[in-house]
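These are the residues of each chain, in order.
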Amino acid sequence: MKVTIVGTGYVGLVSGACLAEVGHHVLCLDLDPEKIRILENGDIPIHEPGLIDIVRRNIAAGRLCFTTDIDRAVAHARIQFIAVGTPPDEDGSADLQYVLAAARNIGSRMTEDKIFVDKSTVPIGTANKVSVVIAEELQKRDIGLKYSVISNPEFLKEGAAIEDFMRPDRIVIGGDDTHAIQQLRELYAPFNRNHDRIIVMDVKSAELTKYAANAMLATRISFMNELANVAEKLGADIEMVRLGIGSDTRIGYHFLYSGCGYGGSCFPKDVKALIKTANDDAGITLKVLNAVEAANDAQKEVLTNKIKARFGTDLIGKNFAVWGLAFKPNTDDMRDAPSRKLILDLLDAGATVTAYDPVAMPEAQRIFGNDPRISYADNPFTACKDADALVIVTEWKEFRNPDFAIIKTKLKTPLIFDGRSLYESAALSAHGLEYFPIGR
């Protein structure tokens, strides 16, 4: 099948590459010529394990192409995916200008019936707005073409997006046009062979499903973070608590790890947007999600508070090694990452930072610029050299079992503040390291 995907960001590029991988002919549109140049050369502008191989393989096979030409993209396929960004507005709501602009561009050029697929994470009611925009553009040209607007939210985890797309837990299709739904069933048939993963529902329910899923996961994280803070004060071990409650099949083990707060492109934005939508469109205050957001904001200060409790509030002259900049492993995404809050707090208190991350250091340099108070190390142990303490923010695999003897010799003071509680306190004590985890 032929498919056009508008937007070559995280969702658009992964979706396009995976659809091409199973045999579809995909044309990805983006208005950023530099991004298209990078993609046509077989490189990718994001870090996602396995993605570059799929992109290169399908470019070579002729199934995956890229363009900045809107006319070409609209003419390519009857199925038009909209996978552009929906950044948060100042009030926390999702900014739909790029979604609606994409719909207008297609509506003003289409010469055959189309199926519009909202792949972007959008508020409840967006499909109706997209439909209105398309109708307006067709009316301007006095053309009576048929079209359908389908909600098909993505459920991709950064760092595991290829696996999530190729072997999905579910494929949600929201719409009431039986022909359009059947077309999407055929499109997703290669991903649906083992058992039927497709769930068909109305458009608004599909739109809400995406927000509800992310809000639930964010809630679990904030809940465990608050329990970790309680456990630490009362002398309990949050890891033991996690095992105790996770063994209950009604709860399960997923998203029960405590830490220094959630970040990324989804959870913070989507929680804010759902709170805003509920308040403005339904007149309902989501008390639980407001608490989830407040708890997460507070959790991002826990490491700084531990450091100041140990060193004092004045950190002038202190240097801290920071392991991990991305909001989670296997990505270079630093949007709302706990590391950003930590580093800014340390700098504000007068400290300097030497950071290391396997893939996110270029992104950190873009964010922080040429701030002389921040330097970057080429390996984790170099970052520790003459540092007053090591602070662990992201649980990259290479941090799980380091050589503690080397760490101790590199550090000026044998201290580790661990935002992910990767180690056992007894083991670090045996190495002569003072250890400050979360929840233990």
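A quick note: this is a predicted structure, and the numbers were derived from the prediction, not measured.

Cut-offs and rules
- Residues numbered from 1 in each chain as written.
- Predicted model: local features only at pLDDT ≥ 70, side-chain atom pairs only at ≥ 80, totals over all residues.
- Heavy atoms only, no water.
- Helix = DSSP H or I, 4+ residues; strand = E, 2+ residues; numbered from the N terminus.
- Buried < 20%, exposed > 50% of the residue type's maximum accessible area, 1.4 Å probe, protein only.
- Lys, Arg positive; Asp, Glu negative; His and termini not counted.
- Salt bridge = Lys/Arg side-chain N within 4 Å of Asp/Glu carboxyl O.
- Contact = heavy atoms within 4.5 Å.
- Polar contact = N/O pair within 3.5 Å; in protein donor to acceptor, adjacent residues only side chain to side chain.
- Arc of directions from axis to C-beta.
- Axes fitted to C-alpha atoms, helices over the stretch in contact; angles between N-to-C directions.
- Left-handed = near helix turned anticlockwise from the far one by under 90°.
- Nonpolar A, V, L, I, M, F, W, Y, C, P; charged D, E, K, R; others polar.
- Phe/Tyr/Trp six-rings, centres within 6.5 Å; stacked < 30°, edge-to-face > 60°.
- Lys NZ or Arg CZ within 6 Å of the ring centre and 35° of its normal.
- Pairing = 2+ DSSP bridges.
- Parallel < 35°, antiparallel > 145°, perpendicular 65-115°, else oblique.
- Right-handed = clockwise from strand over helix to strand, strands pointing away.

Visitor: Would you explain the side chain of Glu207 in this entry?
Guide: In this structure, Glu207 sits in helix H9 (residues 203–234). Buried and unpaired, Glu207 has Lys204 as its nearest opposite-charge partner, separated by 7.1 Å. In contact with Glu207, not counting residues within four places along its chain, are Val122, Pro123, Ile124, Gly125, Thr126, Ala127 and Ser151.

Visitor: Would you mind showing me how to read the side chain of Asn152 here?
Guide: Mapped onto the elements, Asn152 comes out in the loop between strand E6 (147–151) and helix H7 (161–166). A distance of 2.9 Å separates polar atoms of two side chains, one belonging to Asn152 and the other to Lys119. Every residue in contact with Asn152, bar those within four places of it in the chain, is listed here: Phe81, Val117, Asp118, Lys119, Ile171, Val172, Ile173 and Tyr188.

Visitor: Quick question: what am I supposed to make of helix H5 (residues 97–107) here?
Guide: Helical geometry note: an α-helix holds 3.6 residues per turn, so side chains three or four residues apart project in the same direction. All buried positions along H5 are accounted for by Val99, Ala102, Ala103, Ile106 and Gly107. The buried residues of H5 occupy an angular sector of 130 degrees when projected down its axis, which confines them to one face. Elements in contact with the buried residues of H5: strand E1 (2–6), helix H4 (70–76), strand E4 (79–82), strand E5 (114–118) and helix H6 (126–140).

Visitor: What am I meant to see in the packing of helix H11 (residues 267–282) against helix H12 (residues 287–299) here?
Guide: To characterise two packed helices, one gives the angle between the axes of the helices and the distance between these axes. Between H11 and H12, whose axes approach to 10 Å, the crossing angle comes to 145 degrees. Crossing hand, H11 versus H12: left-handed. Here Val271, Lys272, Leu274 and Ile275 of H11 lie close against H12, whose contacting residues are Leu289, Asn290 and Glu293. Among the residues forming the contact of H11 with H12, the class breakdown is four nonpolar, one polar and two charged.

Visitor: Is there a simple way to explain the packing of aromatic side chains in this structure?
Guide: When we look at a pair of aromatic rings, we describe it by the centre distance and by the angle of the planes. Within the structure shown, the criterion is met by 14 aromatic pairs. Consider the rings of Phe116 and Tyr147, whose centres lie 6.2 Å apart with planes at 80 degrees: the pair is edge-to-face. Of this pair, Phe116 sits in strand E5 while Tyr147 sits in strand E6; the two residues are 31 residues apart in sequence, bridging distant segments of the chain. Take Tyr147: its relative accessible area is 24%, and that puts it in the partly exposed class. Put simply, the rings of Phe311, Phe320, Phe417 and Phe436 pair up and form one aromatic cluster. For the cation-ring pair, Arg170 lies above Phe155, with the distance from its terminal atom to the ring centre recorded as 3.7 Å. Across from the ring centre of Phe311, 5.7 Å away, lies the NZ or CZ of Arg310, which sits over that ring.

Visitor: Can you walk me through the sheet that holds strand E13 (residues 415–418) in this structure?
Guide: One key point about sheets: their strands pair by backbone hydrogen bonds, in either a parallel or an antiparallel sense. Spatial ordering of the open sheet is given by E11-E10-E9-E12-E13-E14, a layout of six strands whose pairing is parallel. Both outer strands of the open sheet, strand E11 (374–376) and strand E14 (434–436), are each paired with one neighbouring strand and no more. Taken over all neighbouring pairs, the strand axes of this sheet differ in orientation by 20 degrees on average, direction set aside. Packed on one face of the sheet, helix H14 (residues 338–348) meets strand E9 (319–323), strand E10 (352–356), E11 and strand E12 (389–392) and runs near 155 degrees to E10.

Visitor: Where do I start with unusual backbone geometry in this structure?
Guide: For residues besides glycine, phi is generally negative; the peptide bonds are generally trans as well. With phi around 65 degrees, Asn330 is a residue other than glycine that occupies positive phi space. As for its placement among the helices and strands, Asn330 is situated in the loop between E9 and H14.

Visitor: I would appreciate a short explanation of the packing of helix H1 (residues 10–21) against helix H3 (residues 51–61) in the present structure.
Guide: For the pair H1 and H3, interaxial distance at closest approach is 9 Å and the crossing angle is 55 degrees. Relative to H3, H1 is oriented oblique. Note that H1 runs across H3; the crossing there is left-handed. Contacts between H1 and H3 involve Leu13, Val14, Ala17, Ala20 and Glu21 from the former and Leu51, Ile54, Val55, Arg57 and Asn58 from the latter. Of the residues belonging to the contact of H1 with H3, the class tally is seven nonpolar, one polar and two charged.

Visitor: I tried to follow the pattern of salt bridges on my own but got confused; where do I start?
Guide: Oppositely charged side chains are able to pair whenever their charged atoms sit close together. Overall, the coordinates contain 29 salt bridges when judged by the stated rule. We note a salt bridge from Arg366 to Glu363, for which the minimum N-O separation is 2.7 Å. Of this pair, Arg366 and Glu363 both sit in helix H15 (residues 361–368), separated by three residues, roughly a single helical turn. Given a relative accessible area of 58%, Arg366 falls into the exposed group. For Asp371, the salt bridge identified is with Arg373, shortest N-O distance 2.9 Å. Exposure remark for Asp371: the relative accessible area of 18% places this residue in the buried category.

Visitor: Where do I start with the pairing of E4 in this structure?
Guide: Residues in a regular strand project their side chains so that they alternate between the two faces of the sheet. The alternating pattern of E4 places Ile79 and Phe81 on one face and Gln80 and Ile82 on the opposite face, and all of these are buried. Pairing between E1 and E4: four bridges, direction parallel. For Val3, the partnering residue across the bridge sits in E4 and is Ile79. Handedness of the E4-H5-E5 crossover: right-handed.

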